[in-house]
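# Results of the structural survey
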Amino acid sequence: MTALAPASLVRALRPRQWIKNVLVLAAPAAAGTLDEPDVLVRALAGVAIFIMASGATYLLNDVVDVAVDRAHPTKRHRPVAAREISVRSARTIAPILALLALAAAFALAVELGLVIAGYLAINAAYSAGLKHVPWLELAPIAAGFILRAVAGGAATDTPLSAWFVVVVCSASLFVVAGKRSAELRRTAGAGGRRVLRHYSAAGLRAFQAATAGSAVVAYALWVVAQDRAVGWLAAVSLLPFTAALARYSAALDLGLGEDPEDIVLGDRVFQLIAAAWVVVYALAVHA
């Protein structure tokens with residue numbers, strides 16, 4: 001089946017992964033300006049733009065990996081791999097979405113346009129070959145998370161502190177390493193993506209520990225740096241932040257994390273910890 005059904009197109013854009021685009025709201029939320037109508041509208045526009053941009057990259061990646069995906073136990077159900085959307089249609093729609101995202105981003109803010117352009121370029125390079133370079137291939141995936149957070153600052157003209165960026169970078173690398181760890185555990189080194197044969201469970205665990213530790217330290221330093229602005233409650237928010245990383249690590253130990261959104265959307269304890277973190281930090285910002 002190669003007809004372009006709207007439902008199949010929506011599934012090809014991976015709505016479950018749109019949860020990542022909440023990161024666009026992170027910078028204005030941390031600055032305490034998300035409750036301002038103009039800032040909220042611009043931030044939500046940034047989210048919509050990233051949905052289009054990420055949709056373009058998902059379609060491109062599905063076209064490049066169509067043969068591999070058809071042999072994968074779950075990815076074979078993706079619309080392109082399942083022939084619900086033809087490769088030709090995907091090749092046509094992907095650049096249209098990319099151009100729409102770029103046009104909307106530059107119309108909102110030049111800085112946002114540059115972020116989207118960088119995001120698209122990095123993902124194109126990843127699909128073109130970076131995905132096969134061990135360890136280096138983690139960086140483009142992490143960059144997707146990082147650029148979403150940067151986009152929130154660009155869309156709303158919110159300055160980003162160096163420690164905020166370090167927190168996002170460290171946490172992103174932690175999540176990406178967990179994704180590879182879960183994939184390695186599922187395949188036991190056989191099958192799956194080619195790059196997995198160059199990783200070891202011990203090496204990935206060490207990398208996860210290093211990046212998690214870096215995220216916690218950077219978060220603590222970020223809170224200290226803005227102590228006068230947000231007060232002591234922001235320091236308390238370090239507790240649920242650290243607990244969230246610990247809970248995510250526990251999920252990785254169970255073999256989860258291949259699709260990070262499964263933990264975010266499916267783990268009730270993780271959701272409660274994350275909600276507690278949001279509430280405590282929001283009280284600190286608006287107290």
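This is a predicted model, so every value here is computed, not measured. Think of each chain on its own: its residues are numbered from 1, step by step along the sequence as written. Confidence filtering applies because this is a predicted model: local features only for residues at pLDDT of at least 70, side-chain atom pairs given and counted only at 80 or more, and all residues used for totals across whole chains, interfaces and linings. For the side-chain quantities, the full set of heavy atoms in the structure was used; hydrogens and water were omitted.

Glancing now at the overall build of the protein chain. For the purposes of this entry, the term helix denotes a DSSP run of H or I that reaches at least four residues, the term strand denotes a run of E that reaches at least two, and both are numbered from the N terminus. Counting secondary structure elements, the protein chain contains 14 helices and 0 strands. Radius of gyration (C-alpha) of the protein chain: 19 Å, near the 19 Å computed for a compact globule of 287 residues. By principal-axis analysis of the C-alpha atoms, the protein chain measures approximately 60 × 45 × 30 Å. Residues counted as buried form 46% of the 287 residues belonging to the protein chain. Counted over contacts in the protein chain with a minimum sequence separation of 6, partners at least 24 positions apart contribute 73%. Note on areas: Shrake-Rupley with a 1.4 Å probe; residue coverage comes only from the protein chains shown. When the accessible area of the protein chain is evaluated, it comes to approximately 13,600 Å², of which 69% is carbon and sulfur surface. In this charge count, Lys and Arg are treated as positive and Asp and Glu as negative; neither His nor the chain ends contribute. For the purpose of locating charges, the reference atoms are NZ of Lys, CZ of Arg, CG of Asp and CD of Glu. If you average the places of the 25 positive and of the 18 negative side-chain charges in the protein chain, the two averages end up 10 Å apart. In this treatment the radius of gyration is a C-alpha quantity, and the globule benchmark scales as 2.2 Å times the residue count to the 0.38 power. Throughout, exposure labels follow a simple rule: accessible area from a 1.4 Å probe, protein chains only, divided by the maximum for the residue type, with under 20% read as buried, over 50% as exposed, and the rest as partly exposed. Whether two residues are in contact is decided by their heavy atoms: any pair within 4.5 Å suffices.

All right, on to the pattern of salt bridges then. When a carboxyl oxygen of Asp or Glu is within 4 Å of a side-chain nitrogen of Lys or Arg, the pair counts as a salt bridge. The tally for this structure, following the rule as stated, stands at 11 salt bridges. For aspartate 267, the salt bridge identified is with arginine 247, shortest N-O distance 3.0 Å. You can see aspartate 267 sitting in the loop between α13 (260–266) and α14 (268–286) and its partner arginine 247 sitting in helix α12 (residues 238–253), a full 20 residues away along the chain. Among the residues examined, arginine 247 registers a relative accessible area of 31% and is labelled partly exposed. Connected through shared salt-bridge partners, Arg14, Asp62, Asp69 and Arg78 make up one network.

Okay, the packing of helix α9 (residues 201–225) against α12 next. Here, axes are lines fitted to C-alpha atoms. For helices the fit covers the stretch in contact, and angles between N-to-C directions go from 0 to 180 degrees. Two numbers describe how α9 lies on α12: the axes approach to 10 Å, and their chain directions differ by 170°. What the angle tells us is that α9 and α12 run roughly antiparallel. Facing α9, whose interface residues are Gln208, Ala212, Ala215, Val216, Tyr219 and Ala220, α12 presents Leu238, Phe241, Thr242, Leu245 and Leu252. Each residue gets one of three labels, nonpolar for Ala, Val, Leu, Ile, Met, Phe, Trp, Tyr, Cys and Pro, charged for Asp, Glu, Lys and Arg, and polar for the others, Gly among them. Residues of the contact of α9 with α12, tallied by class, amount to 9 nonpolar, 2 polar and no charged. The labels follow the angle: roughly parallel below 35 degrees, roughly antiparallel above 145, roughly perpendicular from 65 to 115, and oblique for the rest.

The subject of this paragraph is α12. Here the expected length of a helix is defined as 1.5 Å per residue gap, with one fewer gap than residues. The terminal C-alpha atoms of α12, which comprises 16 residues, lie 23 Å apart, in line with the 22 Å expected from a rise of 1.5 Å per residue. Its buried side turned inward, α12 meets α8 (162–187), α9, α11 (232–236), α13 and α14. One or two residues past the end of α12 sits glycine 255, with phi positive at roughly 90°.

What follows concerns a nonpolar patch on the surface. In this scheme, patches are assembled from residues that exceed 30% relative accessible area and form no salt bridge. Like charges are connected within 9 Å, while nonpolar side chains (Val, Leu, Ile, Met, Phe, Trp, Tyr) are connected within 5 Å. A cluster of nonpolar side chains, namely Trp163, Val166, Val217 and Leu221, defines an oily patch on the protein surface of about 310 Å² accessible area. Contributions of two or more residues to the nonpolar patch are made by α8 and α9. Here leucine 221 is to be found in helix α9. For leucine 221, a relative accessible area of 35% translates into the label partly exposed.

Here helix α7 (residues 138–156) is 19 residues long and its end C-alpha atoms lie 28 Å apart, about the 27 Å a rise of 1.5 Å per residue gives. The term bend refers to the angle at a residue between two fitted axes, each drawn through seven residues, those ending there and those starting there. In α7, a bend of some 30° at glycine 144 exceeds every other bend along the element. Burial runs high along α7: 17 of the 19 residues are buried.

Right, let's get into the packing of aromatic side chains. Centre-to-centre distance and the angle between the planes together describe a pair of aromatic rings. Pairs were defined over the aromatic rings of Phe, Tyr and Trp, the Trp ring being its six-membered one, requiring ring centres within 6.5 Å. Orientation was assigned from the angle between planes: stacked under 30 degrees, edge-to-face over 60, tilted for the rest. One pass over the full model with this rule turns up 11 aromatic pairs. With 4.9 Å between their ring centres and 70° between their planes, phenylalanine 50 and tyrosine 119 make a pair best called edge-to-face. Highlighted residues: phenylalanine 50 in helix α3 (residues 37–64) and tyrosine 119 in helix α6 (residues 110–128), separated in sequence by 69 residues. The pair phenylalanine 50 / tyrosine 119 is uniform in exposure class, with both members buried. Ring pairing ties together the aromatic residues Phe164, Tyr219, Trp222, Phe241, Trp277 and Tyr281, which thus form one cluster.

Shape is all these values report; function is a separate question.
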